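Chain residues, written in single-letter form:
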Amino acid sequence: MPSKRYQQSPSRPTRRPIPPIEVAIGDRFPLTIKKLGINGQGIGYFKHKVCFVPQTIPGEIIVAEVTAVHEKYLEAKIHRLKKASPDRVPPKDDYAGLAGGFELEHLAYQRQLAYKRQVVLDSLAKFRPFGYQHYQVRPTIAAPHPYGYRNKAQFQIRQIDGQVVAGLYRANSHEVIDMVTCAVQMPATMQAMRQLVQWIQELQIPVYDEEANSGIIKTIAIRESRSTGEIQVTFITNSRKLPHKRLLLDKIQTELPAVRSVMQNFNPGDTPLIWGKETTKLAGDDYLTESLMGLDFHLSARSFLQLHPEQTETLYEEAAKAIDLTPNDTLIDAYAGIGTIGLSLASRVKRVLGMETIPEAVADANRNAALNEITNARYEVGTAEEVMPRWRQEGLTFDAIIVDPPRTGLDQVFIDQILQEKPHKFAYISCNMATLARNLTRLIPTYRVDYIQPIDMMPQTPRCEAVVKLVLNDHHHQ
Ligand code: SAH
C-alpha cells in the first residue's frame, strides 16, 4: 500500500482528458455515495476515480478520509457523516465493518435484500449470458431471523497486553479484534467462546504468538446444533500437547453442559490454513448431530455444513421446487458435502448419486444415509468431473441434477459433461453470482433460465446465494 503521495503519470505530458489527480492518505473531501460494491462497501467518485467507503449507503453524503491509494481506485473511511440515509440503522456490534462476517449491520434489512438481488443483476450484466436481460430474477427470500443464526464460529485466540482475546482479524491485517459480542452468531456459541477465553486466561494456557511462532492455542472453532442446542468445541493448536487439558475439560464438563464434543486439531507453524490435518477427540462424541428436513445428520469437525440451518431448509426446498422430482427420477447431488441435499430428497426419487472431494464428508454422507435408513443413495469421493464419466461407464442415466459448487463455480469439463448428458431437470445453487453468470454463458442455449431465486443465507453480510431453475430447451431433447 503506497503511503507516500501518489501521482498518476507524473512525467508524461497531460494529453488525456482527465487530468491526473494527486491524492494522499489522510486527505479529506466531500463524497456522495452512489451505489454499493460487490463487498458491500459504498462507492463514490472523487474526480472520476472510484472511491470505496465501507459502512456507507447510496444517497449518503460524507466527508471521506483517504486510507489507501491505488492506481485504479481509492479507499476511504467516514470522517464525518453529513447526510445519513434513512436506511441507516445502528449496528449491533461496535466493530461491525472492521472485519468480515457482519459488514452490513448498518443497513436496514430490507435494503440488504434488495442489494443482494441487485448483485445478481449486476453479475448478469457483466458476463452477459445469452438473453440475460429477460431472466426472471425474483425478490430475495428473507431470513426469518437475521441475527443469531450462524452455527459456527472460528475465532483466533491471541494475547494483547497480557489479555487473552478472541475474534476475527481486522480486514487486511493480522490484528485480532476482541469480539465480546457477535450478533450474527447463535447466542450459546458466543457464551461458550467467552467462557473458554476466560478459562484460558485464568489457567494461563499459552496462546499462539504469530511473530514468535510460539504458544499453543491458535483458534477455537465452535459449532452449534440448532435442533439439539448441543455444541462442539475444537481447539486448534500449534503443538500436540495442551497444557492444563484435564482442568479445562473438567470445567467444560461441569459448567458448559451444552458441550457434547471436544476435539483438538493439530496445525503447527505459521500457515494461512486454519485447520491442520490431524483431529483427535478430547472428550465426548466425535460428531455433532443436526436435523434438517426431518433427517438427522452426524457431522465431524471438518465437514462442511451450511452456516444458517433455518434458511438451509428453505434453500433445499427451493432447489427441490426448481426440479420438480418424481418417484422415477435418478438425481445427482453434485458437490454434496455430507449429503444433506440428496438425502433430504431421497424419499421423493428412485435413486440418489452424489460426489464430493473431501473423503471425511463422503464418509459422513454414507453414514448419514444408513443412520436415516436410506437405501437408495450412494456417495463417492472425487471431483464432479472425475466421477461423472465413471457413472456413465456403469451405464447410469440421470433425470435430475442439483449442483452446489464452491465459490469457483463449475469446472468447464463438468459443464461439458452436463451438456452431453442433458438431464432435463437442473437446479444450480450458487454462492457466487460472478461465477454463476460466467457458467451460464456456457450452459445456455442448451438450457434456458426459467428463473433465478436469490435467498439470503448470510444476513448482515454482502454474501449472496441463489437457486437457478434451468430447463432443457426443446430442440435439445433427445
Ligand atoms: N451441498 C452441500 C455442500 C456445498 S459446499 C451442502 O449443502 O451442505 C461445496 C462442496 O463442494 C464442499 O463440500 C467441497 O468440498 C466440494 N467440492 C469442491 N470442489 C469440488 C469438485 N470439483 N467436485 C465435487 N465436490 C467439490
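Residues numbered from 1 in each chain as written. Predicted model: local features only at pLDDT ≥ 70, side-chain atom pairs only at ≥ 80, totals over all residues. Heavy atoms only, no water.

A.B. asks: Give a description of the site of the ligand that names residues and reports values.
C.D. replies: Around the ligand sit 17 residues, and of these Tyr316, Tyr335, Glu356, Ala384 and Asp404 come closest. At 2.6 Å, a side-chain N or O of Glu356 approaches an oxygen atom of the ligand. Here a nitrogen atom of the ligand and a side-chain polar atom of Asp404 are 2.8 Å apart. A total of 570 Å² of accessible area belongs to the ligand in isolation, and the protein chains cover 87% of it. Split into classes, the residues belonging to the shell around the ligand amount to 8 nonpolar, 6 polar and 3 charged. (Near = heavy atom within 4 Å. Polar contact = N/O pair within 3.5 Å; in protein donor to acceptor, adjacent residues only side chain to side chain. Areas by Shrake-Rupley, 256 points an atom, 1.4 Å probe, with all protein chains shown as cover. Nonpolar A, V, L, I, M, F, W, Y, C, P; charged D, E, K, R; others polar.)

A.B. asks: A description of helix H1 (residues 109-127) should follow, citing residues and the corresponding values.
C.D. replies: Helix length check: H1, at 19 residues, gives a terminal C-alpha distance of 28 Å against a target of 27 Å (1.5 Å per residue), a fit within 8%. Among all positions of H1, only Tyr109, Gln112, Leu113, Tyr115, Lys116, Val119, Val120, Ser123 and Leu124 are buried. Summarising the contacts, the buried residues of H1 are in contact with strand E4 (35-36), helix H9 (433-443) and strand E22 (447-455). Once H1 ends, the next one or two residues include Arg128, with phi positive near 50 degrees. (Helix = DSSP H or I, 4+ residues; strand = E, 2+ residues; numbered from the N terminus. Expected span 1.5 Å × (residues − 1). Buried < 20%, exposed > 50% of the residue type's maximum accessible area, 1.4 Å probe, protein only. Contact = heavy atoms within 4.5 Å.)

A.B. asks: Describe the pairing of strand E6 (residues 49-53), listing the residues and the values that go with them.
C.D. replies: Because side chains alternate across E6, one face comprises the buried residues Lys49, Cys51 and Val53, and the other comprises Val50 and Phe52, none of which is buried. Here 5 bridges tie strand E5 (residues 42-46) to E6, and the two strands are oriented antiparallel to one another. Bridging from a neighbouring strand, Phe46 pairs with Lys49 of E6. Where E5 folds back on E6, the antiparallel hairpin that results is connected by 2 residues, among which Lys47 adopts a positive phi of roughly 50 degrees. One ladder, built from 3 bridges, connects E6 with strand E8 (residues 73-83); its direction is parallel. Looking at E8, one finds that Phe52 is bridged to Glu75. (Pairing = 2+ DSSP bridges.)

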